[in-house]
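Residue-level structural notes
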Amino acid sequence: MYRKSIAPGIVVFGEGAPADCAYIIERGSVEIAIERDGRLVVLAALGPGEIFGEAALIDDDLRPATATARTELDVLVVPRDAIGESLRASQPDIYSLVTSLLMRLQAVHDRRASPPVAGAMRDDVVRTLTIEGELRQGLDNDEFEPFFQPIVDLDTGEIAGFEALARWRKPDRGLIPPIEFIGVAEQTGLIREIDAVVLASAWKSLASAQEAVAGKKGRSTKPLFLSINIAAENFVDMQLVANVRKLLGTAGFDPSLLKLEITESGLINSPEIAYRVLTELRSLGVSIALDDFGTGYSSLSYLHRFPIDSLKIDRTFVNALASSDRSRAIVRTIVGLGQSMSLKVIAEGIEEESTADMLREMGLQYGQGYHYSMPVGRASMQQMLLG
Ligand code: C2E
Ligand code: CA
Ligand code: CA
Ligand code: CA
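The rules behind these values
- Residues numbered from 1 in each chain as written.
- Chains lettered and ligands numbered in written order.
- Predicted model: local features only at pLDDT ≥ 70, side-chain atom pairs only at ≥ 80, totals over all residues.
- Heavy atoms only, no water.
- Helix = DSSP H or I, 4+ residues; strand = E, 2+ residues; numbered from the N terminus.
- Buried < 20%, exposed > 50% of the residue type's maximum accessible area, 1.4 Å probe, protein only.
- Phe/Tyr/Trp six-rings, centres within 6.5 Å; stacked < 30°, edge-to-face > 60°.
- Donors = N, O, S within 2.8 Å, 3.2 Å for Na, K, Ca; no water.
- Pairing = 2+ DSSP bridges.
- Contact = heavy atoms within 4.5 Å.
- Axes fitted to C-alpha atoms, helices over the stretch in contact; angles between N-to-C directions.
- Core = buried A, V, L, I, M, F, W, Y, C linked by side-chain atoms within 4.5 Å.
- Domains from an automatic or database assignment.
- Buried area = accessible area lost by both parts, 1.4 Å probe.
- Salt bridge = Lys/Arg side-chain N within 4 Å of Asp/Glu carboxyl O.
- Polar contact = N/O pair within 3.5 Å; in protein donor to acceptor, adjacent residues only side chain to side chain.
- Nonpolar A, V, L, I, M, F, W, Y, C, P; charged D, E, K, R; others polar.
- Near = heavy atom within 4 Å.
- Areas by Shrake-Rupley, 256 points an atom, 1.4 Å probe, with all protein chains shown as cover.
- pLDDT = per-residue confidence, 0-100.

Right, let's talk about the environment of G349 for a bit. Of note, G349 is situated in the loop between β16 (344-347) and α12 (353-361). G349 sits in the buried class, given a relative accessible area of 13%. Taking the C-alpha atoms as reference points, G349 and I32, separated by 317 residues in sequence, lie 26 Å from one another.

The structure is reproduced here in structure tokens:
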């Protein structure tokens, strides 16, 4: 077994290529896709801890799909030969355990293999349709709500604002995290409605929480900013601008306290409209943050072309600060970039005090992460402000 780093966009293996090893993802993500009727169909996106190309461990069929690094990727490469060798050299009970696990894997693999892709795709379509129906119903029944994660001033430790993160409170299932519904919501365009609901509701909750806290403390408190995630699908027309304008009009809040977090994918598909939307938003006084910064393809050209005023350093770099020279170099570079372009820089995914210390030393101003708090509901958010 050995480690390998792969740059974003690089094909780890292609459909139809010979196969002699499996991969375990240590960091980053991989997209598994197949070509059908001249189109690339994405089957899955895999992340840290997940394994891919594992069929190569049990037979020497050709790769059934293409695997592409979506981000900077660190993998452990597991060659089939190495497994065989170390197995033969291992204790008999380990040998029989691993052999039977591999046989079970083989059985699952064979069952899937007929017909390999059609089955998986049909399941996918059924799943998408089911979730789509439930999402529509959820929107009708007001089942979406924001959770709030504090964004902290690293120097003072005080809460500077909150990021709103969508949760789906589904009566028969409880709270559902975005990973389970954002994908389908994006594919169906329903994400636009969800984003609008989260925006309006989070803005209202934060305002009334601050009012309540000021009342209890007998004085007004420092106004907090609100960060909202805006999916790429919102950058096809001016609806988002209309929503934001309406919100600012009715609520009468300071627009500079509203920060919209966008990702590069929102800018790639229709850059002209995205440019118009962002320019309009900026003219309303709203600020724009580039989310997951460092994981995309050409961040720098977007910084140059679009009216962006904050960067959020992706948590994969933040998490690896203590252990990886490269992550430290990347974070330093982003901080420097932010300083020279007068951009605010926010680090996400801070899980340890030591990481916060390092970031502070590097000159970072804002951070968020489990070290400070997980995302919480409205009532706990208000409680947090009182404490
Ligand atoms: P994101 O915008 O990158 O949000 C940060 C995610 O990291 C959140 O996951 C948050 O709970 C999690 N996180 C925060 N601190 C830590 C930490 O210290 N360690 C780790 N491991 N994770 C941390 P969540 O809430 O599950 O949201 C996942 C993604 O879903 C978000 O990633 C965002 O891309 C998307 N999303 C969430 N809410 C909305 C929404 O209202 N609209 C849209 N369009 N997308 C949303
Ligand atoms: Ca975000
Ligand atoms: Ca992020
Ligand atoms: Ca993200």
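Now for the packing of aromatic side chains. The final tally for this structure, using the stated rule, is 10 aromatic pairs. Here the aromatic rings of F13 and F52 are separated by 5.9 Å at their centres, their planes lie at 35 degrees, and the arrangement is tilted. Remark: F52 occurs in strand β6 (residues 51-52) and F13 occurs in strand β2 (residues 11-13); sequence separation between them is 39 residues. You can call F13 buried: its relative accessible area is 9%. Note on F52: relative accessible area 2%, which makes it buried.

Attention now moves to the coordination of the calcium ion (ligand 3). Binding of the calcium ion (ligand 3) to the protein goes through D291 (OD), D292 (OD), E348 (OE) and E348 (OE), at separations of 2.3 to 2.5 Å. Spacing between the donor residues of the calcium ion (ligand 3) along the chain follows D-D-x55-E. Residue D291 is classed as buried on the basis of its relative accessible area, which comes to 9%. The class for E348 is buried, based on a relative accessible area of 9%.

Right, let's talk about the sheet that holds β6 for a bit. Backbone-to-backbone hydrogen bonds join strands into a sheet, with any given pair of strands oriented parallel or antiparallel. Ordered by their spatial adjacency, four strands build an open sheet running β1-β8-β3-β6, and the pairing between neighbours is antiparallel. Of all the strands in the sheet, just β1 (2-6) and β6 have a single pairing partner and so form its edges. Here strand β3 (residues 21-27) pairs with strand β8 (residues 73-79) via six bridges, running antiparallel. Across the sheet, C21 pairs through a bridge with P79, a residue of β8. Running over the sheet, helix α1 (residues 80-89) touches β3 and β8 and is turned about 55 degrees from β8.

A separate point is the nonpolar core. If you look at the biggest cluster of nonpolar residues, it comprises 71 residues, and the most contacted ones within it are L135, I228, V244 and L281. Tallying contributions element by element places helix α5 (residues 191-217) first for this core, with nine residues. Residues in contact with L281, not counting those within four places in the same chain, are L240, V241, V244, L260, V286 and I288.

Each assigned domain of the protein chain is listed here: domain 1 (2-114) and domain 2 (125-386). For domain 1 and domain 2, the distance between their C-alpha centres works out to 34 Å. Taking both sides of the interface into account, the surface hidden between domain 1 and domain 2 amounts to around 510 Å²; carbon and sulfur atoms contribute 51%. Here domain 1 and domain 2 share one salt bridge between them. With a shortest N-O distance of 3.0 Å, R326 and E72 are connected by a salt bridge. The tally of links from domain 1 across to domain 2 stands at one residue pair in polar contact (both at pLDDT 80 or more). When the residues that make up the side of domain 1 that touches domain 2 are grouped by side-chain class, the tally is two nonpolar, three polar and three charged.

Protein coordination at the calcium ion (ligand 4) comes from D292 (OD) and D292 (OD), with a distance range of 2.6 to 3.0 Å. For the pair the calcium ion (ligand 4) and the calcium ion (ligand 2), the metal-to-metal distance amounts to 5.8 Å. Here D292 lies in strand β14 (residues 287-293).

Neighbouring ligand 1 are 22 residues; A166, D195, R315, E351 and Y370 lie closest to it. In the model, a nitrogen atom of ligand 1 is placed 2.9 Å from a nitrogen or oxygen of the A166 main chain. Contact distances for ligand 1 include 3.0 Å between an oxygen atom and a side-chain N or O atom of D291. Out of a free accessible area of 800 Å², ligand 1 has 83% covered by protein chains. Of all the elements in the fold, those that place two or more residues in the shell around ligand 1 are β10 (159-170), α5 and β14.

Taken over all residues, the pLDDT of the protein chain has a mean of 88, while the share at 70 or more is 94%. At the low end of the mean pLDDT range in the protein chain sits helix α2 (residues 92-112), at 69; at the high end sits strand β17 (residues 366-367), at 98. Within the model, pLDDT remains below 50 along residues 113-118, and this stretch shows two contacts once partners closer than five positions in the same chain are excluded.

Within this structure, the stated rule accounts for 16 salt bridges. Residues R27 and D74 are paired through a salt bridge, measuring 3.0 Å at the closest nitrogen-oxygen approach. Placement of the pair is R27 in strand β3 and D74 in strand β8, with a sequence separation of 47 residues. A salt bridge links R136 to E132; the nearest nitrogen and oxygen atoms lie 2.9 Å apart. One end of the pair is R136 and the other is E132, both in helix α3 (residues 116-140) and four residues apart, which spans about a single turn. Under the relative-accessibility criterion, R136 is labelled partly exposed at 40%. Look at E132 and you get buried, because its relative accessible area is 19%. Overlapping salt bridges bring together E134, K170 and D172 as one network.

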